[in-house]
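Residues per chain are reported as follows:
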Amino acid sequence: MGNVKFSSGEQIPLEMHKVRVVQKLNLLPVEQRQDALYRAGFNTFLLKNNEVFLDMLTDSGVNAMSDNQLAAMMRADDSYAGSETFYRLEKQLQNVFGMLYFLPAHQGRACENIIAHTLVKQDQITLMNFHFTTTKALITYMGGSVEELVIDEGLKVSSDHPFKGNMNLEKLEARIQELTPEKISFIRLEAGTNLIGGQPISMENIRAVSAISRKHSIPFVLDASLLSDNLYFIKVREPEFRDKPLLEITRELGELCDIIYFSARKLGCARGGAILTNSPRLHEEMRAFIPLFEGFITYGGMSVREMEILAVGLEETLDMEVIEQTPIFIDELAKELEKNGVPVVTPHGGLGCHINASAFVDHIPQAEYPAGALAAAIYLTSGVRAMERGTLSEQRNPDGSEHLSEMELVRLAIPKRVFTLSQIKYVADRISWLYQNRTMIQGLEFTEEPDVLRFFFGRLKETTPWADSLSRKFRDDFNDSL
Ligand SMILES: Cc1ncc(COP(=O)(O)O)c(C=O)c1O
């Protein structure tokens, strides 16, 4: 993809795969999108898929599968215990990460649940570069809390730092000294930090965090769910790794970490989860929870077909041609938006293109969920389903007050090998139009607010009616266009 030049001199990200299975899409007229938005309580999670044109909510479980992955499904060995499929996947994971023990789980948060049950004690603190929603919810559920020590640059929406997900090493050392290691449940690094714009961590930083955790005998856990994009950035932004095979990089990760876990809905383009460790003690402690929460230890809640898909998906993750497509498409979308003045997170990260809602709708107060309102407005004007990653995705403070997010982002996820370049251009076109009309968007307030992970199924309404006027403006400007 990166190495094909066009005679015109244009830089076009050329797909290095062909499409052999397709799914028909449905683009409703704007009036029907407005009805759908009201029905969904302005929460894009509550839209039905047939109301959505391009689903950019997430990449989770919706990445395209390769022909080899589909073929592998057919040889899945469906037995409750001792399945051949388990041993094939175990071997593949041992090969990729060089780690001895593998525990299967049904998805990423199930891994987090088991790790939290094993490592978190009442009132302990987990130090991390940045939290992910389910990680924090599960640690809190176990009586712990999280502290974020991402470098200051990580919280700047616009920056040219190549690894904005890095942990601040001085702060990490200082917090360990202040708290003492006994107060710390574990140190967690999240590859491709989801909530701050899919920003990567460098291998240099991973090495340093590993050394600090070993010095203080604190378990070091890597969330590798977004590793695919992070690997790409290590290769292209960290000179030491430019010519290193991806396998060498993943093996080094295995040496540096006490536990690596990931959502296979993301890494490996399947549906499941995996926990890896070299420690017999951690393995034994975590294994006890698998039959309790997941299933027998040779499937852990995963379908054996998905396990076969994952084994092949992991192998494909070691191919630069496969993993570069998402970050290059994200870059393409972000550049198109920037051309039209739309504020996006820089550097352009992985996972998706992240719009800076604080700047896009700077007239909406944070307590009225600007990123949530923008995600709703994007659906209304385009049929594209994005995800709010701001205050709405936070949990309230223990005293019930609103926990204002560090950033108000709207994420347009780019699932692997799902969308075409013309679809990317459509998204950029509609959002650029919306940017011209941004003052029409107003805030949201909850009508139904769940206590835990409220963004998943909470319902909201407009603070003042704005969706109807925006929809009318769309009709005036686009005439009979969908
Ligand atoms: C960084 C990270 N960790 C954990 C998870 C949880 O994974 P799952 O959705 O499979 O439970 C996700 C999912 O988006 C994620 O992005």
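Note: the structure precedes this text.
For clarity, every value in this text was computed on a predicted model and none was experimentally measured.

A.B. asks: Tell me what's going on with the sheet that holds strand β8 (residues 352-356), and back it up with residues and numbers.
C.D. replies: An order of β8-β10-β9 is seen for the 3 strands of this open sheet, with the pairing classed as antiparallel. Every interior strand has two partners, whereas the edge strands, β8 and β9 (387-389), have only one. When the angles between neighbouring strand axes are averaged without regard to direction, this sheet yields 30 degrees. Across 5 bridges, β8 lies against strand β10 (residues 409-413) in antiparallel orientation. From the neighbouring strand, glycine 352 faces β10, where its bridge partner is alanine 413.

A.B. asks: Give a description of the sheet that holds strand β2 (residues 125-128) that names residues and reports values.
C.D. replies: Spatial ordering of the open sheet is given by β1-β7-β6-β5-β4-β2-β3, a layout of 7 strands whose pairing is mixed. The outermost strands of the open sheet, each flanked by one partner alone, are β1 (101-105) and β3 (145-148). In this sheet, adjacent strand axes meet at a mean angle of 25 degrees when their direction is disregarded. Across 5 bridges, β1 lies against strand β7 (residues 273-277) in antiparallel orientation. Directly across from tyrosine 101, in β7, lies its bridge partner threonine 277. In the packing of helix α6 (residues 169-179) onto the sheet, the strands contacted are β2, β3 and β4 (184-190), and the crossing angle to β2 comes to about 170 degrees.

A.B. asks: How would you explain the environment of leucine 318 if you had to name every residue and give the values?
C.D. replies: Tracing the sequence through the fold places leucine 318 in the loop between α12 (304-317) and α13 (320-323). Taking the number of C-beta atoms within 10 Å as the measure of exposure, leucine 318 has 18 and is therefore partly exposed. Along the sequence, leucine 318 and threonine 250 sit 68 residues apart, while their C-alpha atoms lie 8.7 Å from each other. Apart from the residues lying within four places of it in its own chain, the contact partners of leucine 318 are Leu246 and Leu247.

A.B. asks: Can you explain unusual backbone geometry? Please cite residues and give values.
C.D. replies: Cis geometry marks the peptide bond from threonine 346 to proline 347; its omega dihedral reads -10 degrees. Turning to its location among the elements, proline 347 is positioned in the loop between α14 (325-339) and β8. Unlike most non-glycine residues, phenylalanine 42 shows phi in positive territory, near 55 degrees. Residue placement: phenylalanine 42 occurs in the loop between α1 (30-39) and α2 (67-73). Phi is positive for cysteine 269, which is not a glycine, with a value near 50 degrees. You can call cysteine 269 buried: it has 27 C-beta atoms within 10 Å.

Rules and cut-offs
Here the residue numbering is sequential within each chain, running from 1 through the sequence in written order. Where totals are concerned, whole chains, interfaces and linings use all residues; where local detail is concerned, this predicted model gives features only for residues with pLDDT of at least 70, and gives and counts side-chain atom pairs only at 80 or more. Paired strands, in this sense, are two strands between which DSSP finds at least two bridges. Every helix listed is a DSSP run of H or I at least four residues long, and every strand listed is a run of E at least two residues long, numbered separately from the N terminus. Between N-to-C directions, angles cover 0 to 180 degrees, with each direction set by a line fitted to C-alpha atoms, over the stretch in contact for helices. Residues are defined as contacting one another if the C-beta atoms placed from their backbone atoms lie within 7 Å. Once C-beta atoms are placed from the backbone, each residue is buried if 20 or more other C-beta atoms lie within 10 Å of its own, exposed if 12 or fewer, and partly exposed for counts between those two.

Interpretation note: all reported values are geometric properties and have no functional meaning in isolation.
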